[in-house]
Amino acid sequence: MNETRTFKVAMVGATGAVGETLLPMLEERHFPVSELVLLASERSAGSIIHYGREDIVVRALSSYDFTGVDIAFFSAGGTVSYEHVPRAVAAGAVVIDNTSEFRYQSDIPLVIPEVNPEALAGYTQHGIVANPNCSTMQMLVALAPIQRAVGIERINVATYQSVSGAGRSGLDALGRETADLLNFKDVNKPRFSAQIAFNLIPHIDDFESNGYTREEMKLVWETRKIFADDRIQVNPTAVRVPVFYGHSEAVHVETREKISAKQARALLEAAPGVEVIDRHEPGGYPTPAGHAAGKDAVFVGRIREDISHPRGLNMWIVSDNLRKGAALNAVQIAECLVKTYL
């Protein structure tokens, strides 16, 4: 990192679940902030957030002038990014957008620093870098070393996604419904399409015309863009589960060349951002509550060869969706920009 410079940083969505994770991460990683501007809706403006030794007053995004801001993090939803990112870029800021608004625009880089840092060079076209979806992010951090070594032909993935992926309202819903049911009360007006407490919901985001949900299609679109390989076939199912923090994924890949489980394990053990927990015993595998929640790594276990396919490989991938799945990756993108481009 360029230690001779400091940067004026703006954070849009400072009072949301991702913003609350991103703020301490900037501090933990000693990002060179000269001034931090916290922005949110009119409703949240005026609230005070502690950062470092400061108490910072949250300002209203709608009236803020981004002139002088070097880096702006956006984590307040696609409609907010659609309206205000162009203003930030026009004022000279480089935007790291944590929504889906710009991910699928071909000339805006979609970046995971452990996977495709070279794509960051494209930020100059629009002044925007897109942060991938949380479920894509953890999967590709784990699959990247295998893709580099032998290539991947097809990915079958079922995701088991925590309620924090739906923001604070998702966390509140799981807590409230659990308390109601344990007190023998009915669940009224569920936040999700069905009761989430003690239940599984095979539906995240809107349905597309092909019968898949948009959350599932994100895994298809983003995998191909980040790996820069449209030949990769992805068959996803996304499930919301009654877990507060941490997404889990059962991933089955068909590689272009044969690779053994032992070889894959060795690649993963050497991969940046990956922690392997893969013992053939009770508890010898990662879980969202026991390992991922509050941690930065992508945890991988249950690595084994697919007994139904000659080039198949299975694994279980777990990560904190608010940390590596959102905030950490955004900060890592900023670190790469500072080190190489700004």
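What comes next concerns the included structure.

Each value, and the rule that gives it
Residue indices begin from 1 for each chain and proceed along its sequence in written order. Restriction of local features to residues with pLDDT of at least 70 applies here, the model being predicted, together with a cutoff of 80 or more for giving and counting side-chain atom pairs; totals for whole chains, interfaces and linings are based on all residues. The side-chain values count all of the structure's non-hydrogen atoms but skip hydrogen atoms and water molecules. By definition, any uninterrupted DSSP run of H or I lasting at least four residues is a helix, any uninterrupted run of E lasting at least two residues is a strand, and each is numbered from the N terminus. The globule rule used for comparison is 2.2 Å times the number of residues to the exponent 0.38, while the radius of gyration itself is calculated over C-alpha atoms. Remark: exposure states derive from per-residue accessible area (1.4 Å probe, protein chains only) relative to the maximum for the residue type, with buried under 20%, exposed over 50%, and partly exposed in between. Between two residues, a contact is recorded if the distance between any of their heavy atoms is within 4.5 Å. For the accessible areas, the method is Shrake-Rupley and the probe is 1.4 Å, while residue cover comes only from the protein chains on display. Only four residue types enter the tally: Lys and Arg on the positive side, Asp and Glu on the negative side, with His and both chain ends excluded. Charge positions come from single atoms, namely NZ of Lys, CZ of Arg, CG of Asp or CD of Glu. At least two DSSP bridges between two strands are needed for those strands to be called paired. In this description, a line fitted to the C-alpha atoms serves as the axis of each element, helices being fitted only across the stretch in contact, and the angle between N-to-C directions of two axes falls anywhere from 0 to 180 degrees. A residue's bend is given by the angle between axes fitted to the 7 residues ending at it and the 7 residues starting at it. Under the pairing criterion, centres of Phe, Tyr and Trp rings, with the six-membered ring standing for Trp, must be within 6.5 Å; the plane angle then separates stacked pairs below 30 degrees from edge-to-face pairs above 60, leaving the rest tilted. Each nonpolar core is a collection of buried residues, namely Ala, Val, Leu, Ile, Met, Phe, Trp, Tyr and Cys, held together in the definition by side-chain atoms within 4.5 Å. If an angle is under 35 degrees, it is roughly parallel; if it is over 145, roughly antiparallel; if it lies from 65 to 115, roughly perpendicular; otherwise it is oblique. In this scheme, a crossing is called left-handed if the near helix is turned counterclockwise away from the far one by less than a right angle; it is called right-handed if the turn is clockwise.

1. Remarks on the overall build of the protein chain
Next, step 1: When helices and strands are counted, the protein chain shows eight helices and 14 strands.
Next, step 2: Its C-alpha atoms give the protein chain a radius of gyration of 20 Å, within 12% of the compact-globule value 20 Å for 342 residues.
Next, step 3: With respect to the principal axes defined by its C-alpha atoms, the protein chain has extents near 60 × 55 × 40 Å.
Next, step 4: Within the span of the protein chain, comprising 342 residues, buried residues form 53% of the whole.
Next, step 5: Taking the intrachain contacts of the protein chain between residues at least 6 apart in sequence as the baseline, contacts between residues at least 24 apart amount to 68%.
Next, step 6: Surface summary for the protein chain: the accessible area is close to 15,000 Å², and the carbon and sulfur share equals 50%.
Next, step 7: Averaging the coordinates of the 33 positive side-chain charges in the protein chain and doing the same for the 41 negative ones gives two points 2 Å apart.

2. A short note on the sheet that holds strand β2 (residues 33–40)
Next, step 1: Taking strand neighbours across the sheet as the criterion, the six strands line up as β5-β2-β1-β6-β7-β8 in an open arrangement whose pairing is parallel. Only two strands of the sheet have a single neighbouring strand rather than two, namely β5 (59–60) and β8 (128–130).
Next, step 2: Summarising the sheet, strand β1 (residues 7–12) and β2 pair through six bridges and their orientation is parallel. Of the residues in β2, the one forming a bridge with Lys8 is Glu35.
Next, step 3: Against the sheet, helix α1 (residues 17–28) makes contact with β1, β2 and β6 (71–74), and its axis sits at roughly 160 degrees relative to β1, the strand it touches most.
Next, step 4: Sheet strands in contact with helix α2 (residues 78–90) are β1, β6, β7 (94–97) and β8, and its direction is about 160 degrees off that of β7.

3. Structural notes on helix α8 (residues 323–341)
Next, step 1: The largest bend along α8 measures about 35 degrees and falls at Asn329.
Next, step 2: Burial analysis of α8 places 15 of its 19 residues in the buried class, the great majority of the element.

4. Focus: the packing of aromatic side chains
Next, step 1: Considering all chains together, one arrives at six aromatic pairs under this definition.
Next, step 2: Ring geometry for Tyr123 against Tyr341: centres 5.8 Å apart, planes inclined by 65 degrees, an arrangement best described as edge-to-face. Placement of Tyr123 in the loop between β7 and β8 and of Tyr341 in helix α8 is noted, with a sequence separation of 218 residues between them.
Next, step 3: Using a relative accessible area of 32% as the deciding quantity, one classes Tyr341 as partly exposed.
Next, step 4: Among the aromatic residues, those joined into a cluster by ring pairs are Tyr64, Phe66 and Phe74.

5. Considerations on the environment of Thr15
Next, step 1: In this fold, Thr15 is placed in the loop between β1 and α1.
Next, step 2: Assessed through its relative accessible area of 24%, Thr15 is described here as partly exposed.
Next, step 3: Residues contacting Thr15, with those up to four places away along its chain left out, are Glu20, Ala40, Ser44, Ser47, Ile49, Val58 and Arg168.

6. Brief notes about the nonpolar core
Next, step 1: Counting 54 residues, the largest nonpolar core has Phe66, Leu143, Ile155, Val251, Val300 and Met315 as the members making the most contacts within it.
Next, step 2: No other element matches helix α3 (residues 134–150), which puts nine residues into this core.
Next, step 3: Residues in contact with Met315, not counting those within four places in the same chain, are Leu143, Ile146, Glu249, Ala250, Val251, Leu268, Val300, Gly301, Arg302, Ile303 and Arg304.

7. Concerning the packing of α3 against helix α5 (residues 214–227)
Next, step 1: Relative orientation of the contacting elements α3 and α5 amounts to 40 degrees, with a least axis distance of 10 Å. Relative to α5, the element α3 lies oblique. Pair α3 / α5 crosses with right-handed handedness. On α5, the residues touching Ser135, Thr136, Met139, Leu140, Leu143, Ala144 and Gln147 of α3 are Glu215, Lys218, Leu219, Glu222, Thr223, Ile226 and Phe227.

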